[in-house]
Amino acid sequence: MSEQVNTADLYDERGEELESIAVQFQNLGGHTHFSGPVRTIRCFEDNALVKTVLSTPGDGAVLVIDGQGSLRTALMGDMIAESAVANGWAGVVINGAIRDREAIARLPLGVKALGSNPKKSAKTGVGEVDVQLVIDRVRIQPGVMIFCDTDGILVER
């Protein structure tokens, strides 16, 4: 993690170059401030692609997972989060749920998610990687910068 970026200050500086996601994600990782280039996954109640992608070199990237807002199953637990740390990911933003939130809170990883659920997800690998996502009407393209802190999430247009 490089310098700590405050989203409010960044928005004041760059304004219309950035989109703000209004969804009130919870801060669940050990790092509250994190940023990096975006990688994406679109999946629904299936975390096989999440496990696969986070086990590859992250190089300071942030994985944005559109789990379509489902809280019925967790898309990431502590073992996958530990893999993300080991592979150099800056953070994970999940439009869905995690599990093992106490263990994840102790990891040096930024994690934002809608909540938690102890139930495991499917492992069939259904979904898409490195595709454009739309969360709260904000378009998220692979490769753009994302900035996250306790105030919220900003994405480059």
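Scope of this entry: the structure provided in the associated data block. (Residues numbered from 1 in each chain as written. Predicted model: local features only at pLDDT ≥ 70, side-chain atom pairs only at ≥ 80, totals over all residues. Heavy atoms only, no water.)

### Here we look at the overall build of the protein chain
We apply this condition: In this description a helix means any DSSP run of H or I spanning at least four residues, a strand means any run of E spanning at least two, and both kinds are numbered starting from the N terminus. Put simply, the radius of gyration uses C-alpha atoms, and a globule should come to 2.2 Å times the residue count raised to 0.38. Relative accessibility thresholds used throughout: buried, under 20% of the residue-type maximum; exposed, over 50%; partly exposed, between the two (1.4 Å probe, protein chains only). The contact definition used throughout considers only heavy atoms, calling two residues in contact when any of these lie within 4.5 Å. Throughout, the Shrake-Rupley method with a 1.4 Å probe supplies accessible areas, and for residues the shown protein chains are the sole cover considered.
Helix and strand counts for the protein chain stand at four helices and 12 strands. In summary, the protein chain has a C-alpha radius of gyration of 14 Å against a globular reference of 15 Å for 157 residues, a match within 12%. Structurally, the protein chain occupies a C-alpha span of about 40 × 30 × 25 Å along its principal axes. Split into buried and exposed, the 157 residues of the protein chain put 49% on the buried side. Taking all contacts inside the protein chain whose residues are at least 6 apart in sequence as the whole, residues at least 24 apart take part in 75%. Counting only carbon and sulfur atoms, one obtains 48% of the accessible surface of the protein chain, whose full area is about 7400 Å².

### Considering the nonpolar core
Filter applied, for reference: The term nonpolar core refers to a set of buried residues drawn from Ala, Val, Leu, Ile, Met, Phe, Trp, Tyr and Cys, joined through side-chain atoms within 4.5 Å.
The biggest cluster of nonpolar side chains holds 24 residues, and the ones touching the most others in it are Leu-54, Ile-65 and Met-76. Counting only elements with at least two residues in this core, the list comes to α2 (48–54), β4 (62–66), β5 (74–76), α3 (78–86), β6 (91–98) and β7 (110–116). If one sorts the elements of this core by residue count, α2 sits on top with four residues. Judged by nonpolar contacts, the second largest core, of 18 residues, contains Val-131, Leu-133, Val-138 and Ile-153.

### Describing the environment of Glu-156
Basically, it comes down to this: We define a polar contact as two N or O atoms separated by no more than 3.5 Å, with the added condition that, inside protein, one atom must be a possible hydrogen donor and the other a possible acceptor, whereas residues neighbouring each other in sequence contribute only through side-chain atom pairs.
Considering the arrangement of structural elements, one finds Glu-156 in strand β12 (residues 152–156). C-alpha of Glu-156 to C-alpha of Gly-60: the two residues are 96 residues apart in sequence and 17 Å apart in space. Excluding residues within four positions of it along the chain, Glu-156 makes contact with Arg-14, Glu-17, Leu-18, Val-144, Met-145 and Phe-147. A polar contact of 3.0 Å, which involves the side chain of Glu-156, links it to the side chain of Arg-14.

### Describing the side chain of Thr-7
Tracing the sequence through the fold places Thr-7 in helix α1 (residues 7–14). Side chain to side chain, Thr-7 and Asp-149 meet in a polar contact 2.7 Å long. Contacts of Thr-7, omitting those with residues within four sequence positions, involve Phe-147, Cys-148, Asp-149, Asp-151, Gly-152 and Leu-154.

### Looking at the pairing of β6
Condition: Here the rule is simple: two strands pair whenever DSSP picks up at least two bridges between them.
Burial analysis of β6 places eight of its eight residues in the buried class, which makes it a mostly covered element. Note that β4 and β6 share five bridges and pair parallel. Within the sheet, the bridge partner assigned to Leu-63 lies in β6 and is Val-92. Taken together, the six bridges between β6 and β7 define a ladder with parallel strand orientation. Note that in β7 the partner of Val-92 across the bridge is Val-111.

### A word on the pattern of salt bridges
Side-chain pairs of opposite charge can arise where the charged atoms are in close proximity. Just so we agree on the cut-off: Salt bridge, as used here, is a side-chain nitrogen of Lys or Arg placed within 4 Å of a carboxyl oxygen of Asp or Glu.
Evaluated as defined, the whole model comprises eight salt bridges. One salt bridge in this structure joins Arg-157 and Glu-16, with 3.2 Å as the shortest N-O distance. Pair noted here: Arg-157 is in the segment after β12 and Glu-16 is in the loop between α1 and β1 (18–21), with a separation of 141 residues, a long-range link. Taking the relative accessible area as the measure of exposure, Arg-157 reaches 55% and is therefore exposed. Overall, Glu-16 belongs to the exposed group, its relative accessible area being 57%. Between Glu-45 and Arg-72 there is a salt bridge, with its nearest N and O atoms 2.7 Å apart. In this pair, Glu-45 is assigned in the loop between β3 (34–42) and α2 and Arg-72 in the loop between β4 and β5, connecting sequence segments 27 residues apart. For Glu-45, a relative accessible area of 18% corresponds to the buried category. Connected through shared salt-bridge partners, Arg-14, Glu-17 and Glu-156 make up one network.

Distances and angles like these do not, on their own, reveal function.
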